[in-house]
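# Structural description and commentary
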Amino acid sequence: MIIIIVSKKASLLPMSSSNTVADAAVLTDPFVHRPRRLRRTASVRRMVRETQLSIDDLIYPLFVMEGEGQKFEVTSMPGCYRYSLDLLLQEVAEAFELGINAVALFPVIPEHKKDVSGNESYNPDGLVQRTVKAIKQAVPEIVVITDVALDPFSTHGHDGIVDENGVILNDPTVDVLVKMALSQAEAGADMVAPSDMMDGRIGAIRKALDAQGYFDVGILAYSAKYASAYYGPFRDALDSAPKFGDKKTYQMDSANAREALKEIELDIAEGADIVMIKPALPYLDIIHRVREHTKLPVAAYNVSGEYAMIRAAGQQGWIDEKKVILETLTSIKRAGADLILTYFAKEVALMLH
Ligand code: PBG
């Protein structure tokens, strides 16, 4: 009879199926490996840190409205404002001075300029187009990214054109999105960012941009955009909540992961330069999978609801807000995002300086 004696210490450690020298050493003396050595001081921790959050990763989303000398705080997003163009330019200049490379613009369109088909979206003198021109004049180096979707411009608040039965029509919407993207490119946008989730829009926009000579205008595709309750505060900011129904026939079901890869593949095949997952925090697994799936840069949108939750808890004094912000954005980066759209961008830039 053979008796195997396992020492008490060794039995505390999980048995590994692989038979490496290191494993053997662990079995003879569990204290050969002391991972805490690499956590002992701040300097050592810095040496072995695997993920570095950098100002270069940040894209700052901004809300622009008509008017002059005005700025209104968004009630559900404390610390975030709708700016009139003159004040927005100051905010962009400040952000650039802090090292932020890119802004993403979202317009607040007055009710009387909205219609069922969102035609104001491609007005060459529209709010977005004027804003892009002004930023490109004031801070030419900053990357200007424009949103392509109809919801800020449509009376019903949907991202596309709606028929009499409330169905969102895909191909007629794509025709308007193409006009919108072209007018933004003409105004000087560096990248257009379709956030509408219509089928085929990336390819249609790429083709139209190229046909008009805008070869260098990039496409940041909201590829895996989920039908999420986390967009609530953003819709407050733009006054763009859907007037009927929801966005589930075009935005993705939160339960799906394989479908995200399908959407990513399609957008890449159609000519996307950067793919995006949105929201970020409840979809870290998707960010990770997409990162493994493509060589393109991957962006993630730390959306308004994610922002509002941290702010609200911070204001109550229930969490250490600054630490939670850094931990959250680092987790998004660690999951695989190269770029993060975040309303915390300026604050984080200050913290990273
Ligand atoms: C709309 C759009 C939304 C966001 C960005 N673009 C909202 C929506 O789809 O209803 C949300 C951003 C955020 O919540 O921060 N095309």
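So, how was this worked out
Residues numbered from 1 in each chain as written. Predicted model: local features only at pLDDT ≥ 70, side-chain atom pairs only at ≥ 80, totals over all residues. Heavy atoms only, no water. Near = heavy atom within 4 Å. Polar contact = N/O pair within 3.5 Å; in protein donor to acceptor, adjacent residues only side chain to side chain. Areas by Shrake-Rupley, 256 points an atom, 1.4 Å probe, with all protein chains shown as cover. Axes fitted to C-alpha atoms, helices over the stretch in contact; angles between N-to-C directions. Helix = DSSP H or I, 4+ residues; strand = E, 2+ residues; numbered from the N terminus. Parallel < 35°, antiparallel > 145°, perpendicular 65-115°, else oblique. Left-handed = near helix turned anticlockwise from the far one by under 90°. Contact = heavy atoms within 4.5 Å. Nonpolar A, V, L, I, M, F, W, Y, C, P; charged D, E, K, R; others polar. Core = buried A, V, L, I, M, F, W, Y, C linked by side-chain atoms within 4.5 Å. Buried < 20%, exposed > 50% of the residue type's maximum accessible area, 1.4 Å probe, protein only. pLDDT = per-residue confidence, 0-100. Patch = residues over 30% accessible without salt bridge, like charges linked within 9 Å, V, L, I, M, F, W, Y side chains within 5 Å. Salt bridge = Lys/Arg side-chain N within 4 Å of Asp/Glu carboxyl O. Expected span 1.5 Å × (residues − 1). Arc of directions from axis to C-beta. Phe/Tyr/Trp six-rings, centres within 6.5 Å; stacked < 30°, edge-to-face > 60°. Lys NZ or Arg CZ within 6 Å of the ring centre and 35° of its normal.

Once that is clear, we can look at the site of the ligand. Lining the immediate surroundings of the ligand are 17 residues, of which Arg 235, Lys 247, Lys 278, Ser 304 and Tyr 343 lie closest. Here an oxygen atom of the ligand and a side-chain polar atom of Lys 225 are 2.8 Å apart. For the ligand, an oxygen atom lies 2.6 Å from a polar atom in the side chain of Tyr 343. Contact with the protein chains covers 100% of the free accessible surface of the ligand, which is 400 Å².

Looking now at the packing of helix H11 (residues 304–316) against helix H12 (residues 321–335). Packing of H11 against H12 leaves a shortest axis separation of 9 Å and a crossing angle of 155 degrees. For the element pair H11 / H12, the angle class is roughly antiparallel. The crossing of H11 and H12 is right-handed. In contact with Ile 310, Arg 311 and Gly 314 of H11, H12 contributes Glu 321, Val 324, Ile 325 and Thr 328. Residues that form the contact of H11 with H12 fall into these classes: three nonpolar, two polar and two charged.

Let's shift gears to the nonpolar core. Within the largest apolar cluster, 106 residues are counted, with the highest numbers of intra-cluster contacts made by Phe 63, Leu 88 and Tyr 301. The element best represented in this core is helix H6 (residues 170–187), accounting for eight residues. Discounting residues that sit within four places of it in the chain, Tyr 301 has contacts with Pro 61, Phe 106, Tyr 222, Phe 234, Met 276, Ile 277, Lys 278, Pro 279, Ala 280, Glu 306, Leu 341 and Tyr 343.

Let us now look at the environment of Ser 84. By the element assignment, Ser 84 lies in strand E3 (residues 77–84). The spacing of Ser 84 and Lys 71 is 13 residues in sequence and 6.3 Å in space, taken between C-alpha atoms. Discounting residues that sit within four places of it in the chain, Ser 84 has contacts with Met 65, Glu 66, Gly 67, Glu 68, Gly 69 and Gln 70. Of note is the side chain of Ser 84, whose polar atom sits 3.2 Å from the backbone nitrogen of Gly 69. At 2.6 Å, the side chain of Ser 84 and the side chain of Asp 86 are in polar contact.

What follows covers the confidence of the model for the protein. Overall, the predicted model of the protein reaches an average pLDDT of 93, with 92% of residues at or above 70. Per-residue pLDDT stays below 50 along residues 1–13; that stretch engages in six contacts with residues further than four places along the chain or on separate chains.

Further remarks concern a nonpolar patch on the surface. Taken together, the side chains of Leu 38, Met 47 and Val 48 make up a nonpolar region of the molecular surface, amounting to roughly 320 Å² of accessible area. Secondary-structure assignment places Val 48 in the loop between helix H3 (42–47) and strand E1 (58–65). Val 48 sits in the partly exposed class, given a relative accessible area of 39%.

Let's shift gears to the environment of Val 108. Within the element layout of this structure, Val 108 appears in the loop between strand E4 (102–107) and helix H5 (127–138). Accessibility expressed as a relative area gives 9% for Val 108, which makes it buried. Sequence-distant contacts of Val 108, that is, excluding residues within four places in its chain, are made with Val 64, Met 65, Arg 82, Leu 127, Ala 237 and Leu 238.

Between the first and last C-alpha of H12 there are 21 Å, a value that for 15 residues agrees with the 21 Å anticipated at 1.5 Å per step. Every buried residue of H12 is accounted for by Ile 325, Thr 328, Leu 329, Ser 331, Ile 332 and Ala 335. Across the axial projection of H12, the buried residues extend over an arc of 150 degrees, all falling on one side. Of the exposed residues in H12, the ones pointing more than 90 degrees away from its buried face are Lys 323, Glu 327 and Arg 334. Those residues of H12 hidden inside the fold are in contact with helix H10 (284–293), strand E11 (298–302), H11, strand E12 (339–342) and helix H13 (345–352). Gly 336 occupies a position one or two residues after H12 and carries a positive phi of about 135 degrees.

What follows concerns the packing of aromatic side chains. Scanning the model with the defined rule gives eleven aromatic pairs in all. Measuring from centroid to centroid gives 5.9 Å for Tyr 81 and Tyr 83, while their planes differ by 45 degrees, and the two rings are tilted. Overall, the relative accessible area of 23% leaves Tyr 81 in the partly exposed class. The exposure class assigned to Tyr 83 is buried, which follows from its relative accessible area of 5%. One aromatic cluster is present, built from ring pairs that chain together Phe 63, Phe 106, Tyr 222, Phe 234, Tyr 301, Tyr 307, Tyr 343 and Phe 344. Against the face of Tyr 81 rests Lys 71, its NZ or CZ located 4.4 Å from the ring centre. The ring of Tyr 231 carries Lys 278 above its face, with NZ or CZ at 4.7 Å from the centroid.

This part covers the packing of H5 against H6. At their nearest, the axes of H5 and H6 sit 8 Å apart, and the two run at 25 degrees to each other. If you check the angle between H5 and H6, you find them roughly parallel. The two elements H5 and H6 meet at a crossing, and its hand is right-handed. Note on element contacts: H6 touches H5 through Ser 183, Gln 184 and Ala 187, opposite Val 128, Gln 129, Val 132 and Lys 133.

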